[in-house]
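What the coordinates show
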Amino acid sequence: MITLEEVNKQLKEKRVLQDISLTLQKGKVYLLRGHNGSGKTMLLRLLCDLLQPTSGTVKKPSYTYGVMIENPSFIEHETARSNLKFLASIQKKIGVKEIDSSLQKVNLLEYADTKVKNFSLGMKQRLAFCQAIMEDPDVLLLDEPFNALDDDNFAEMVHSIQEMKKDKIIVIAAHGFNLSEIPLFDEVITMNDGKIKSVESI
Amino acid sequence: MTRKNIVLLSGIFLLYLSVNNSEGVHISSLERLATGYNDVTNKMQFYNYLLNLGTMVIYISIIESAIASRFRLRNYIATRGGHKTLINCLLRTVIQHICVILFIKQVVYLFFYFISESFSSFYGFDMLSTFLTLSLLALFLILLKLQGIKEKLSLFSIVSITAIAQFLSYHYPIFSTIVIASAGWQEWQALMLVCKSVGILIMMSIVIFLSKPGKIMEVVEQ
């Protein structure tokens, strides 16, 4: 469980997150929605320690994280597999077999030895999702994961997330308001101007 | 290191060979290429200076692109092992690429040795100084990255600083700290190596300090 209590974040003069109090539980998929600049990405960065709060507390055990924040970025002149191998070498939890099985899950195994610079945006998006899930993290934080996906890959990603949700905290940030209609989310958190406007269970 | 950079580097060495043909190919050619100075006439030679700058631009761009490609993965690396792991990854990739540059220099030295059948005392200093100077510049590049400076701007800054420092070093030896070698390197070599090492330690401390969560990394995360 992750608990945020009265969390504020200020960057220079701007308060990007204001009085955020929230509890995130394992086994649930959260949709974090709001307009551009509403603070969704900042909240995701704060959840995975990329940023520290200016005030307030974030209580959580030592979780492992799989993140997909901003545009998918990789070493362009290297292959998909070597990018993933490099990232896997940091925690040394998985080997080539697991990497390949993750690539299979996102339908990229046949492109494993293709240089990332030759990937389309949708393929890069799937590769970013692959790096996020490959080490079976406790917390999955996905920022606009469905961008640039065709219908088939969108359905496959939704299916993968559904399969994984049992023992994970999954937070998906998106500005598409009709996403809440997908039978994937357990709670919808709506943000506006750095504040949580509402939390609704589905 | 891309194939394009290797071709460019080879091109510079070949060009250097061709413009030095009138003096005969000699191991000291490499010394002049590194210093941009002709110690026979005791003057800066403009084409030496330009070729020296050309090699420096390639060295720096090799290191810069290596840092940039790893830095692009910063969110994925930092969430796996923290900001210190990110810095470790950057340092490791910098050292790997500097070693490749040193290996290329080694090959060129051997090539010159087989042609001229003589060896220069500049070799040892050049190898050590290249390693220390490029490490110092790489740490400066990492520092700029941590402050959110864009790739092209940081590359331009470093190249400009190197070009100016190389020029000034002919008159003020202290500027040799941030270039590989300059005129009168024999006289100042020990002091220069010490200055470079101290510079690296200072840069390293700043980079480690700024890589802590809540410090300047936040600028990049914005």
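All of these numbers come straight from a predicted model, not from anything done at the bench.

**As for the sheet that holds strand E6 (residues 139–143) of chain A**
Residues and elements named next belong to chain A. With mixed pairing, 6 strands are arranged side by side in an open sheet as E5-E6-E7-E3-E8-E9. Strands at the two margins of the open sheet, each flanked by one partner only, are strand E5 (65–68) and strand E9 (195–201). Each neighbouring strand pair of the sheet contributes to a mean axis angle of 15 degrees, computed without reference to strand direction. Here E5 runs beside E6; their pairing, made up of 4 bridges, is parallel. Residue pairing across strands places glycine 66 opposite leucine 140, the latter belonging to E6.

**Notes on the pairing of strand E3 (residues 28–33) of chain A**
All names here are of chain A. Burial within E3 is extensive, with 5 of its 6 residues counted as buried. Where E3 and strand E7 (residues 169–174) come together, 6 bridges link them in parallel fashion. Across the sheet, residue lysine 28 finds its bridge partner in E7, namely isoleucine 169. Where E3 meets strand E8 (residues 187–192), 4 bridges bridge the pair, whose relative direction is parallel. Residue pairing in the sheet places leucine 31 in a bridge with valine 188 of E8.

**Regarding the pattern of salt bridges**
Side-chain pairing between opposite charges can occur once the charged atoms of the two side chains come close. All names here are of chain A. Inspection of every chain in the model, using the stated rule, returns 12 salt bridges over all chains. Note that arginine 81 and aspartate 100 form a salt bridge whose closest N and O atoms lie 3.0 Å from each other. Placement of arginine 81 in helix H2 (residues 80–91) and of aspartate 100 in helix H3 (residues 96–105) is noted, with a sequence separation of 19 residues between them. The pair formed by arginine 81 and aspartate 100 is uniform in burial state, with each residue classed as buried. Residue arginine 81 pairs with aspartate 113 through a salt bridge whose shortest N-O separation is 2.6 Å.

Here is what the cut-offs are and how they apply
Residues numbered from 1 in each chain as written. Chains lettered and ligands numbered in written order. Predicted model: local features only at pLDDT ≥ 70, side-chain atom pairs only at ≥ 80, totals over all residues. Heavy atoms only, no water. Pairing = 2+ DSSP bridges. Helix = DSSP H or I, 4+ residues; strand = E, 2+ residues; numbered from the N terminus. Axes fitted to C-alpha atoms, helices over the stretch in contact; angles between N-to-C directions. Buried < 20%, exposed > 50% of the residue type's maximum accessible area, 1.4 Å probe, protein only. Salt bridge = Lys/Arg side-chain N within 4 Å of Asp/Glu carboxyl O.

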